[in-house]
Every structure is written in C-alpha cells, then in structure tokens.
Amino acid sequence: MSDPLAVVYYSNLIPGSRLVARLQDMGYRVHTLPALTGLAAACEQEKPLLALIEISPEANGREQLRALRANPATQHIPVLAFANVHDKAFQAAAQEAGVSLLAASAAVLEQLPQLLDQALQVD
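Anyway, here's the lowdown on the structure attached to this text. What you are looking at is a predicted structure, and each value in this text was computed from that prediction instead of being measured.

## Describing the pairing of strand S4 (residues 79–83)
Line of reasoning, step 1. With five of its five residues buried, S4 lies for the most part within the structure.
Line of reasoning, step 2. With four bridges joining them, strand S3 (residues 50–54) and S4 adopt parallel strand pairing. Residue Glu54 lies in a different strand from S4, and its bridge partner there is Phe82.
Line of reasoning, step 3. As defined by bridge partners, S4 adjoins strand S5 (residues 101–104) across four bridges and the pair is classed as parallel. The residue of S5 that forms the bridge with Leu80 is Leu101.
Line of reasoning, step 4. Remark: the S4/helix H4 (residues 88–97)/S5 crossover connection has right-handed handedness.

## Notes on the pattern of salt bridges
Line of reasoning, step 1. Inspection of every chain in the model, using the stated rule, returns one salt bridge.
Line of reasoning, step 2. Two residues, Glu96 and Arg66, come together in a salt bridge whose shortest N-O distance is 2.7 Å. Residue Glu96 is found in helix H4, and its partner Arg66 is found in helix H3 (residues 62–70); the two are separated by 30 residues along the sequence.
Line of reasoning, step 3. For Glu96, a relative accessible area of 51% corresponds to the exposed category.

## Re the sheet that holds strand S1 (residues 5–9)
Line of reasoning, step 1. Sheet architecture is open: five strands sit in the order S2-S1-S3-S4-S5, paired in parallel fashion. Looking at strand neighbours, the two that pair on one side only are strand S2 (29–32) and S5, the edges of this open sheet. Taking each pair of neighbouring strands and ignoring which way they run, the sheet shows an average axis angle of 25°.
Line of reasoning, step 2. Together, S3, S4 and S5 form the strand contacts of helix H5 (residues 105–119), whose direction differs from that of S5 by roughly 155°.

## Considerations on unusual backbone geometry
Excluding glycine, most residues fall at negative phi; most peptide bonds, likewise, are trans.
Line of reasoning, step 1. Positioned with a positive phi, Lys47 is a non-glycine residue whose angle comes to about 55°.
Line of reasoning, step 2. In this fold, Lys47 is placed in the loop between helix H2 (39–46) and S3.
Line of reasoning, step 3. You can call Lys47 exposed: its relative accessible area is 64%.

## Remarks on the packing of helix H1 (residues 13–25) against H5
Line of reasoning, step 1. Running from amino to carboxyl end, H1 crosses H5 at an angle of 45°, the nearest separation of the two axes being 10 Å. Put simply, H1 runs oblique to H5. As H1 packs across H5, the resulting crossing turns out to be right-handed. Contacts from Arg18, Leu19, Arg22 and Leu23 of H1 reach H5 at Val108, Leu109, Leu112, Pro113 and Leu116.
Line of reasoning, step 2. A breakdown of the residues in the contact of H1 with H5 according to their chemical character gives seven nonpolar, no polar and two charged.

## Observations regarding the side chain of Gln64
Line of reasoning, step 1. Its place among the elements puts Gln64 in helix H3.
Line of reasoning, step 2. Residue classification places Gln64 among the buried residues on the basis of a relative accessible area of 19%.
Line of reasoning, step 3. Not counting residues up to four positions away in its chain, the partners in contact with Gln64 are Leu36, Thr37 and Leu39.

About the cut-offs
Residues numbered from 1 in each chain as written. Predicted model: local features only at pLDDT ≥ 70, side-chain atom pairs only at ≥ 80, totals over all residues. Heavy atoms only, no water. Buried < 20%, exposed > 50% of the residue type's maximum accessible area, 1.4 Å probe, protein only. Helix = DSSP H or I, 4+ residues; strand = E, 2+ residues; numbered from the N terminus. Pairing = 2+ DSSP bridges. Right-handed = clockwise from strand over helix to strand, strands pointing away. Salt bridge = Lys/Arg side-chain N within 4 Å of Asp/Glu carboxyl O. Axes fitted to C-alpha atoms, helices over the stretch in contact; angles between N-to-C directions. Contact = heavy atoms within 4.5 Å. Parallel < 35°, antiparallel > 145°, perpendicular 65-115°, else oblique. Left-handed = near helix turned anticlockwise from the far one by under 90°. Nonpolar A, V, L, I, M, F, W, Y, C, P; charged D, E, K, R; others polar.

Encoded structure:
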C-alpha cells in the first residue's frame, strides 16, 4: 500500500513549506496546489486522503470548497483549513463552505498529528 496523499495549498511560503516537510516526515505524499482555484479538480484527479488549505478573508476559497463538496467524487474528503483570522463570522463562513476543521495557522505545525486525527475521524 502506498503512503497516504494530502493535497496542500498555502500562500505564505515559509510556514507552508514547513507544513509540507512535516507531512512528508509523517509519511504522507504531498501534492501542492499553485492556486486554490484548482482544489476540486486536483482532489478529483489525485484522490487524496485529505486536503490542507490556508484560507484568508481576502482569498477564502469558499467557491472552491463548495465545488469540492458539490462533487460526489470529492465531497467525502476532509478539509483541514488554517488561517490567521480569529473572527467568528469568518470561521462560520468557512465551516458553512465545507471546511471540516479550522485551526489557527500558528498552531498547525505544533499540533499537526492531533489535527489530522481529528479531521480524519469518521462520523
């Protein structure tokens, strides 16, 4: 069996590249997206175990998350999102759009194993 695949999108280079390295250290293969607009298509083609995406109010990706959730081939994929935003309205909008779990960007690397366990829990 091959290593699990994670689709990853980030806009901040240093924390994003550290996240990719940490996932690889944990045994994941990583497919990095150059833009969040390719999320649904990449997930349909690559068939990842989960997606990790950086979101922000400026480019929050709600349309891309909705497209992911609307596609029967990708609607089951857990989405672990991380952001530097602590606004309740932003958090609610992200969850409404299809984020499975939203974490603070500062905590993602430190708490990645626990966050992955929580995002991958089957209801």
